[in-house]
Amino acid sequence: MFSLPDVAAAAAGRLAAAHYDFFAGGADDERTLRANTDAFDRYRLRPRVLRGVGERDLTVTVLGQSLSMPVLIAPTAFHRLAHPDGEVGTARAAAAAGTVLVLSMAATQPVEQVAATGVRFWFQLYVQPDRAFTERLVRRVAAAGCGALVVTVDSPVFGRRRRDLRNGFLDLPAGLACENLRDPAGSGPPRAIGWEPGLNWDVLDWLRGITSLPIVLKGILHPADAVRAAERGVDAIIVSNHGGRQLDAAVTGIDALPAVVDAVGDRLPVLVDGGIRRGTDVLTALALGASAVAVGRPVLWGLAVAGADGVRQVLELLRDELDRAMALCGADRVAALGPDLVETVGR
Ligand SMILES: Cc1cc2nc3c(=O)[nH]c(=O)nc-3n(C[C@H](O)[C@H](O)[C@H](O)COP(=O)(O)O)c2cc1C
Ligand SMILES: CCCCC(=O)C(=O)O
């Protein structure tokens, strides 16, 4: 396996069709899902030469945490559906790679077991209609050593995924559960994730009242929302369309990024996800102003192929590709990447 697409192809043969479809699929006609990867075809790089790139430094600092490379693991549900190693395996790989795991609220292993790997992790939260339960959960993940809360805001209702409807995939198979939704923690029955269409900006005041963790908003696409997040003192945002699984026809993260970065300036770090499969995709996002990127499905494919080792391989492939792309673009560190390196074609 020499690239992330190779890993994805290998994973397809290893998963039950309905599970593969849950991971791979998107909302409705999957236009946005396709657009997420296609979008990168419209960006071309304009490399610089003779800049002395004998030593490349891929490290970045996000929310005060130093990462060995500007690639985080996006929160994705149900890792034990991909491999028995589950989220603990993904955590081991993230720790080995020196990056942050954003643990999904729909994880199939308890946050305490994930934390025991020594990984630096953030926790992705869907604020639940039951605020008392949400508060218990936030306290639980904070006690486990979580470094930030990633509040997903693109899901007032759940996207309609026809593959799952066709396959009748509505719930986890017996033996697997959302372990962090057990209430009381650890022992009770797992709660079902509830969607909260009434959620509005006031939720930030409530969250600030119950936790001192940094707050990251995930699922921002409109520059006006990015500005609002900055004004509200949010610590970072992730420009994302949820991997094409929520609003079909939504703009892609990479296309939305420049206007968002332009609107917020350096008031807060801007991360981006969606369709990142190559080192050059990472480089493009960084050059357009992202502080870091996150990858979702490639991690699931690595996990499906070889558990923790597969995830490690995915991360190392991306690191190696980014390192080579930076050298070929004449950049010896992430801060040397700017929008002058990127040209948009076909527009
Ligand atoms: C199978 C799957 C499950 C996901 N589960 C979550 C989740 O629980 N919470 C969340 O905020 N985003 C979730 N996402 C969205 C990812 O965090 C991320 O935005 C997206 O996968 C990035 O696109 P990529 O898969 O093309 O890298 C999920 C995505 C996939 C593919
Ligand atoms: C029921 C878990 C929802 C996870 C999610 O956000 C997604 O599948 O996109």
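Scroll up to find the structure.
This one's a predicted model, so the numbers in the text were calculated from it and none came from an experiment.

A.B. asks: Hey, could you run me through the site of ligand 2 in this one?
C.D. replies: The environment of ligand 2 is made up of Phe22, Ala77, Ala106, Tyr126, Phe158, Arg161, His242 and Arg245. Interatomic distance of 2.4 Å between a side-chain N/O atom of Tyr126 and an oxygen atom of ligand 2. When the free accessible area of ligand 2 is taken as 290 Å², the share hidden by the protein chains comes to 85%. With respect to the detected pockets, ligand 2 is housed in the largest pocket. Grouping the amino acids of the shell around ligand 2 by side-chain chemistry returns 5 nonpolar, 1 polar and 2 charged.

A.B. asks: For this particular structure, what's the right way to read the packing of aromatic side chains?
C.D. replies: Given two aromatic rings, one states the distance between the centres and the angle between the planes to describe the pair. In the structure shown here, the tally under the stated rule is 7 aromatic pairs. Here the aromatic rings of Phe22 and Phe78 are separated by 5.2 Å at their centres, their planes lie at 25°, and the arrangement is stacked. With a gap of 56 residues between them, Phe22 in helix 2 (residues 17–24) and Phe78 in the loop between strand 4 (71–73) and helix 4 (79–82) connect regions that are remote in the sequence. Of the two residues, Phe22 and Phe78, both sit in the buried class. On the basis of an interplanar angle of 80° and a centroid distance of 6.3 Å, the ring pair of Phe23 and Trp301 is categorised as edge-to-face. Here Phe23 is found in helix 2, whereas its partner Trp301 is found in helix 13 (residues 297–329), with 278 residues between them in sequence. Accessibility classification places Phe23 together with Trp301 in one group, the buried group. Positioned over the ring face of Trp206 is Arg131, at 5.6 Å from the centre of the ring.

Thresholds applied
Residues take numbers from 1 onward in each chain, read along the sequence in its written order. Labels follow written order: the first chain is A, the first ligand is 1, and so on. Local features in this predicted model are restricted to residues of pLDDT 70 or higher, and side-chain atom pairs are both shown and tallied only at a pLDDT of 80 or more, whereas totals for entire chains, interfaces and linings draw on every residue. Note that water and hydrogens are dropped before the side-chain values are worked out from all heavy atoms of the structure. Proximity criterion: a residue is near a molecule or strand once any of its heavy atoms comes within 4 Å of it. We define a polar contact as two N or O atoms separated by no more than 3.5 Å, with the added condition that, inside protein, one atom must be a possible hydrogen donor and the other a possible acceptor, whereas residues neighbouring each other in sequence contribute only through side-chain atom pairs. For the accessible areas, the method is Shrake-Rupley and the probe is 1.4 Å, while residue cover comes only from the protein chains on display. In this analysis a 1.4 Å probe is tested at points of a 1 Å grid over the protein atoms alone, and where it fits but cannot get out there is a cavity; an open set with protein on both sides within 12 Å along at least five of seven lines is a pocket; lining residues have an atom within 4 Å of a point. Put plainly, a molecule is in a cavity or pocket when over half of its atoms are within 2 Å of the grid points there. When residues are sorted by character, Ala, Val, Leu, Ile, Met, Phe, Trp, Tyr, Cys and Pro go into the nonpolar class, Asp, Glu, Lys and Arg into the charged class, and all the rest, Gly among them, into the polar class. Stacked, tilted and edge-to-face are the three classes assigned to paired rings of Phe, Tyr and Trp, where Trp is represented by its six-membered ring and a pair needs centres within 6.5 Å; plane angles under 30 degrees give stacked, over 60 edge-to-face, the rest tilted. Strands here are runs of E lasting at least two residues and helices are runs of H or I lasting at least four, both read from the DSSP assignment and numbered beginning at the N terminus. Throughout this description, buried means an accessible area under 20% of the type-specific maximum (1.4 Å probe, protein chains only), exposed means over 50%, and partly exposed covers the range between. Two thresholds decide whether a charge sits over a ring: the Lys NZ or Arg CZ must be within 6 Å of the ring centre and within 35 degrees of the ring normal.

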